[in-house]
Amino acid sequence: MADRYFSTTSRLVVLFVFVAGSGLSISGCADGQMMYDKVFGKGAGIDSDAYVPLPGDPASQHLSSKLSDDSVDTASQLEALDVAIADQAQANLVQAGLALSGSETAFTASDGAFEVLEGGEKAKDSLQPDSFQKIDTSFLKSATELSLADYTTNTVSWGSYQDTKFTIPALDRMPVRDQGRRGTCASFAGIGLIEALIIQNSSNQLPFKEVDLSEQRFYHLSKPESWQGGGSLSEQGSDTGSGFMTSSGDLSGYPAPSDTGGSAYNIPLETNCPYQKTPGANDLQVPLGDGCKSKGVVRVSKFSAWGGSVGGFRRIETAQHVYDELRTGKAVILYTKLSRNWERNEGIVTFAGAGSPGNSGHAGGHAYLAVGAKKLSESEFPGEGGMCFVVRNSWGKGWGVNGLSCITLKWFNHWRFEGAFPTVDEVQLVSDANQQLTIANKAPS
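Summary of the structure given here.

Calculation rules
- Residues numbered from 1 in each chain as written.
- Predicted model: local features only at pLDDT ≥ 70, side-chain atom pairs only at ≥ 80, totals over all residues.
- Heavy atoms only, no water.
- Helix = DSSP H or I, 4+ residues; strand = E, 2+ residues; numbered from the N terminus.
- Buried < 20%, exposed > 50% of the residue type's maximum accessible area, 1.4 Å probe, protein only.
- Areas by Shrake-Rupley, 256 points an atom, 1.4 Å probe, with all protein chains shown as cover.
- Polar contact = N/O pair within 3.5 Å; in protein donor to acceptor, adjacent residues only side chain to side chain.
- Contact = heavy atoms within 4.5 Å.
- Salt bridge = Lys/Arg side-chain N within 4 Å of Asp/Glu carboxyl O.
- Disulfide = S-S within 2.5 Å.
- Pairing = 2+ DSSP bridges.

1. Some points on the overall build of the protein
Within the protein, the secondary structure is distributed over 13 helices and 14 strands. Across the 445 residues that make up the protein, the buried fraction comes to 57%. Accessible surface for the protein amounts to roughly 17400 Å². Of this, 50% is attributable to carbon and sulfur atoms.

2. Observations regarding the side chain of Asn 282
By the secondary structure assignment, Asn 282 is in the loop between α9 (240-248) and α10 (290-294). In this structure Asn 282 comes out as buried when scored by relative accessible area, which is 10%. Only 2.7 Å separates the side chain of Asn 282 from the backbone oxygen of Val 286, close enough to count as a polar contact.

3. Looking at the side chain of Glu 325
Looking at where Glu 325 falls in the secondary structure, it is placed in helix α11 (residues 319-327). Classification of Glu 325 as buried rests on a relative accessible area of 6%. A polar contact is formed between the side chain of Glu 325 and the side chain of Lys 330, at a distance of 3.3 Å. Residues in contact with Glu 325, not counting those within four places in the same chain, are Arg 314, Ile 316, Lys 330, Val 332 and Thr 423.

4. Points about the pattern of salt bridges
Enumeration according to the criterion identifies 16 salt bridges in this entry. In this structure, Asp 425 engages Lys 330 in a salt bridge whose closest nitrogen and oxygen atoms are separated by 3.0 Å. One end of the pair, Asp 425, is in strand β13 (residues 423-430); the other, Lys 330, is in the loop between α11 and β8 (332-336), with 95 residues separating them in the sequence. Neither Asp 425 nor Lys 330 differs from the other in exposure class; each is buried. Bridged by salt links that share partners, the residues Arg 177, Glu 195, Asp 212 and Glu 215 form one connected network.

5. Side note on unusual backbone geometry
With phi around 60°, Asn 402 is a residue other than glycine that occupies positive phi space. Relative to the helices and strands, Asn 402 resides in the loop between β11 (387-392) and β12 (404-408).

6. A short note on the state of the cysteines
For the structure on display, the rule yields two disulfides. Shown here is the disulfide that connects Cys 273 with Cys 292, its sulfur atoms set 2.0 Å apart. Between Cys 273 and Cys 292 the disulfide shows an S-S torsion of about 90°. By sign, it is right-handed. Of this pair, Cys 273 sits in the loop between α9 and α10 while Cys 292 sits in helix α10, placing them 19 residues apart in sequence. Each member of the pair, Cys 273 together with Cys 292, is buried. Each sulfur in the disulfide pair Cys 388 and Cys 406 lies 2.1 Å from the other. Across the S-S bond linking Cys 388 and Cys 406, the dihedral sits near 85°, which makes this disulfide right-handed. A residue pair is termed long-range when its members are at least 10 positions apart, and Cys 388 in strand β11 and Cys 406 in strand β12 qualify at 18 residues. Accessibility expressed as a relative area gives 0% for Cys 406, which makes it buried.

7. Topic: the pairing of β11
Along β11, six of the six residues are buried, which leaves the element largely enclosed by surrounding structure. Because side chains alternate across β11, one face comprises the buried residues Met 387, Phe 389 and Val 391, and the other comprises Cys 388, Val 390 and Arg 392, equally buried. Two elements, strand β10 (residues 366-375) and β11, share six bridges in a ladder whose sense is antiparallel. Within β11, the position partnered with Lys 374 by the bridge is Cys 388.

Given below as C-alpha cells:
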C-alpha cells in the first residue's frame, strides 16, 4: 500500500503519493430565530394544487436504510479536517513572520484521509451557494450587530479533560446531507439532532431499522400557520423550535397535526416522506402523501425552544453551554449569520478571515449542528479563542472537508444570533409491535 504524505504550504494542501520510490504529485439557509413569525406573512392563502415531485435526489441517498450498515469513516474525516486546519495554521505563521514563505510541514496521513480530501475537492465544483433562494432576514440580529459583550467575550473552559479534540459518539452514523437550494436548513438541523439522539442512546437493535427521518415532514410541522390556512406555500425558511413544539403537541398555540389518523407519532421515515432538493412553488408539498401523515414513527416529547418547553427549560446559550452539551454526547443546533469565508471554506473558519458577510441566500441566517470541539494553538490562530467547534453542515460533501468544518470561538461569538438554542431531550418511538419506546440522552461513559 502506498504511503500518503501531506505537506502544508500557504493556503494550499499538496498531496503526494510515493510509489516504488518515485514521487508522483497529485494535485451550501436562511432559517433563523423565530423566522416563522417574521417571514411567513398571513393572508396568502393555501394553494390547493397537489405537490408534484421535482427533479433532484432525495436526502435518503446520503443515509443507508440499515443502521448496522450505516457506518461512516469518521476517523478519516477528522484526520482530513486536521490536515486542513494545519494548512491554515502554517499560513498564519507565515503571515506573522514566524515561518518562512514556502516552508512545509510534512506528515503522513491514512489512505482514508487522502480519499476524503480528494473526494471533497471534486465535490466543491458542484457547491454553488450563490444559487440558493434568497430570503429577507434583515430583522435578525447577530451578536456583532447587537454588540453583546456577554457573547463576544465568551470563553470556554476545557475543564478536567486532558484531550485536545473530541466529537459526539453518534457522528460515525451521521453521513453528510444535502438540502439543495431550498431554505430548509432548520429542518435538517432539527432532524439531525433527533437522529443523533436516537443513535447515541439506542443499540443496533432499534424498533425499526431505518433512522433516516423525514426533513420534509419536519419542515411541514415547523410551519403550522401555512398548513392551517394563514400562510404561503412558496415562502422558504422555518424555525426548528416550531417543529419541536408542533411534534410534541403539548403547548397551546402549537397543536399536534390532525392528519396522522389519531397516531401520536408525526415524524415518518425519509422513505415514506421523501425530500426533494429543488425549490418549487409548492414548497410545503401539500397536500402531503399518506406516507408523510400516517406512517409516523417518532414524536418529540421533551424539548427546549424559544417559544416554550416541555420537561423543563434548559438554556443552551453561551459557548460554554454549547461545549458542555457536546461533552454529554449530544449535538447542538447553532443559529448564525454567515461570513464569506464560512460559505466557502477548506475546513477552518476564523474571525480574522471573515471579512464581509456572505452573499448566499443563507447568509442572513443559517442553522447547522455542532458535533465536537478542538483546541487551537494561540501562536497559530492568535486571538481566535484557543478552540473551535466542529460543525456539520447540510450543503453536501463539497462544503468544508466532506461536509465538516471547524468554526473558531471568536467567529462563533461574533456571528451567532442572540438567545438560547433549541434542543431535544427526549423522543418517543413506535416499535414494529406498536409499543412505545422512550429515548432520553445518556452521557457517554
